[in-house]
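A structural walkthrough
Residues per chain, in single letters:
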Amino acid sequence: MTPRALLAAAGLSAVLAATAAGSAGASPLAGETGGKGSGRHTASARTAAPPTTATSATQVVTLPTGDRITIGHTSTGAPTLAVPAGLRAQAVRLGANQYVFPRSIGPVLGSVLDPELFNLTRIATDAGRVPVTVTYADPASPTAVPGVEVTARTGLTGRGYVTNASSRALGAALAKTGATTLFSGVTGVRGLATSTPARYPMHTLTLCALGRDGKPRPKTMITYLNTVDPRRGFGFAYAHRGCAKASVAEGTYEISADVPNDDWSEFYFANSGEFRVSGPRTATVDMRTATTLFETGLSGAPATPVDEVTEVTRDFPSFSSASAVIGTVRTLFSPTVGTSHGQTTISRVALAQAPAGPADGRYALYFRHPGRIPDAPIRATQRVRDLARITSVFATPPTDSPLFTRAVFPATGGWSIGTVIPTPGTIHEFVTSGPGLITNARFTLALHPTTFDEIGTIESESRDVPARQVRTEEWNKGPVHATSFDDPTLWNGQPIRCDWCVKGSQLALVTLSGGDTDRHHVPYPMPLPDGSPNVTWSVSADGTTVATGTAFLGVDGAVSLPARTAVVTARQTMVRPAPYTSGTRSVTTWRMPMAATRPLPAGYVCELGDGCRILPFLSTAYDLPVDIGGALLGGRQTLGITVHQAGRISPRGITGVTVSANYGAGWVPATVTALGGGRYAAALQVPWRAGARVAADLSITVTAADGSRMTDRITDAFLLKSPIP
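In this text, all values refer to a predicted model and were calculated from it rather than measured experimentally.

1. Thoughts on the state of the cysteines
Taken as a whole, this structure holds 3 disulfides when the rule is applied. The disulfide bridge from cysteine 606 ends at cysteine 612, spanning 2.1 Å between sulfur atoms. With relative accessibility at 10%, the residue cysteine 606 sits in the buried group. Regarding the disulfides, the chain carries the connectivity 1-2, 3-4, 5-6 under sequence-order numbering of its bonded cysteines.

2. Overview of unusual backbone geometry
Cis geometry is adopted by the peptide bond preceding proline 424, which originates at threonine 423 and carries an omega value of -5°. Residue position: proline 424 is located in the loop between strand 27 (414–420) and strand 28 (425–431). With an omega dihedral of 0°, the bond running from glycine 478 to proline 479 counts as a cis peptide bond. Counting through the fold element by element, proline 479 comes out in the loop between strand 32 (470–475) and strand 33 (482–483). Not every positive phi belongs to a glycine, and asparagine 476 is a case in point at roughly 65°. The exposure class of asparagine 476 is buried, given its relative accessible area of 1%.

3. Quick look at the sheet that holds strand 8 (residues 157–163)
With respect to topology, 4 strands assemble into an open sheet ordered 7-8-6-9, the strand pairing being antiparallel. The two strands at the open ends of the sheet, each matched to only one other strand, are strand 7 (149–154) and strand 9 (186–191). Direction aside, neighbouring strands of the sheet carry axes that sit 25° apart on average. Bridge count between strand 7 and strand 8: 5 bridges; the pairing is antiparallel. Residue pairing in the sheet places arginine 153 in a bridge with glycine 158 of strand 8. Sheet contacts for helix 3 (residues 164–174): strand 7 and strand 8; angle to strand 8, the most-contacted strand, approximately 90°.

4. Focus: the pairing of strand 4 (residues 89–94)
Within strand 4, 6 of the 6 residues are buried, which leaves it mostly tucked inside the rest of the structure. Inspection of the sheet shows strand 4 paired to strand 5 (residues 97–102) by 6 bridges, in the antiparallel sense. Across the sheet, leucine 94 pairs through a bridge with asparagine 97, a residue of strand 5. Here strand 4 folds back onto strand 5 in antiparallel fashion, the turn holding 2 residues, of which glycine 95 has a positive phi close to 65°. Relative to strand 20 (residues 319–326), strand 4 runs antiparallel, the two sharing 6 bridges. Residue pairing for strand 20: alanine 91 is matched across the bridge by alanine 324.

5. Things to note about the pairing of strand 42 (residues 567–576)
Counting buried residues along strand 42, 7 of its 10 residues qualify, which places the element largely inside the surrounding structure. Pairing geometry for strand 39 (residues 535–541) and strand 42, over 7 bridges, is antiparallel. Following the sheet pairing, serine 538 is matched in strand 42 by arginine 571. Of the pairings in the sheet, the one linking strand 42 to strand 43 (residues 584–593) comprises 10 bridges and is antiparallel in character. In the sheet register, glutamine 572 faces strand 43, and the bridge partner there is threonine 588.

The rules we used
Residues numbered from 1 in each chain as written. Predicted model: local features only at pLDDT ≥ 70, side-chain atom pairs only at ≥ 80, totals over all residues. Heavy atoms only, no water. Disulfide = S-S within 2.5 Å. Buried < 20%, exposed > 50% of the residue type's maximum accessible area, 1.4 Å probe, protein only. Helix = DSSP H or I, 4+ residues; strand = E, 2+ residues; numbered from the N terminus. Pairing = 2+ DSSP bridges. Axes fitted to C-alpha atoms, helices over the stretch in contact; angles between N-to-C directions. Contact = heavy atoms within 4.5 Å.

Everything listed here is a matter of coordinates, which is why it stays silent on function.
Given below as structure tokens:
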């Protein structure tokens, strides 16, 4: 994820990315069983990038069963999905549409519940409020329907919505009662369907499924796909009694079905092989053909499996389809027979941990087998010594449900699994590494006890995973800071996008604050207890407000400045309530004289087009030796400050950096020493905690010779530590 996409993830709603890029050409990875080529994850080129849109972000989607899936995409537009450990489900992706079907609704999926209700793309587009039509079993059926907010009923027909609240209620009910019993009073819950006129000669295709016993298999979802031109035909039909019908365009097709055995200890990915449709015909997918076992493992250290996602994808130049099973099960696939269009890849994301727990070792592993599926078992093993090693330190008060997800996948996207971790503390991560792989992580401090919404989420941007890399990430370490996007490492060698630019009367201004001290991390906005936004901002021209907003500051080229504007100022207020380390409130202000704007430097691009000029924008990053609970020992301590100046790797013309601290008895100036290269050290004389005062405030001001200025005032920037008795 690029820094610009990080901003969108932090401040805007999202939908799942459209079509995924093909996976052909990815380089061999650790644990891979074959394949050649080369590839590298890079940020997308910025020269022709459009303004940030809703499709750039990450979003948590609630399924009708209350299960939550995090959806997003890589910089190539490929989809990414994160699921909580313990979810048992199967998934299907057809182009832009991603479906996840929890095991709990298997008995009524297709027969009662419309599969479209589990379309993540549709749920995200409808902002978690999906309109539905209900068909009742008889006039005496109760109007209330599990998982649906019914708003109207006439006879056997009702209308309403599936919402996040109703989905949580259905999830709670399914934990106590089976789906068949819950939905005994209705015959159908359907989404509002739309139809697309046929553009090609159409034929009736009868799709049938045979079970492992060779008999017609009822209640089976069968997927069909035109393998020469997927745009001409793809979808799925539900075979209630072993067969279903679909109207498809003439062409070459393959049908498939992915089914578990009764106890979900085995899962079968079966397909028919390719066949021609030139008139009415029947095609059959036989579960008995799924005979190729896919096995993966780890050598060199004891590890206890936590969960897995196994997926088979079919990638074409402008289309991608996939089927997956979420859960640790034995998986078998149909061998490839005859002609097979597109690129087939089997992949597995596996999460494991050391027997003593994640503090001793947490393993995020990615395996893949590209190309045709053989008729012999596929076995892939990774060695611990070949994995990247990430020490992740979590500085946060103890909470009931801190969630952590580490994703590792190629730039073509994939899955990851999240778990509850102990905090505060340190976990040692072992991650599949090598060319073509990227990783990012997401840390949520807590879930709301009633709504289960995420509270206090921080995400890292996507990064390459060099072979055997060793590094450290610190999560939720304070004090908070304003993020600079000038760091070339954030752009993976691509041009740096100017987010502090003007062209004529048009202004683009973007910044973040409120995450932690890691420059690769970004916070998500969160509602305050009263429901109001925790971030507000404004931009003024010569003292007159020209734009305001909530979420993080992101004017994004949408503001027109009055003629002959002399000075642009901006102000952002950010509140970080519990469960963050302290109840921090920061107010950051910027002063940017228009006379100090400069031509766009080499290596930068601007979304406003040619002739852009860069604003004299200042930002800072802080480093303070707080402990894992966010507190600072009493005595002499040093606050590290790094000043960033838009458009320059090292700032120029900085005339002053002043720092003051307030420990409860007024502001105390600190001695600031310039270290060179934009780095400064402020000497603080920190008292021990005494009385009711538990935290200290900081005020930092940076000024430059061109008249620009930045002031950051942070309330409760760090906690005061009690003296050792």
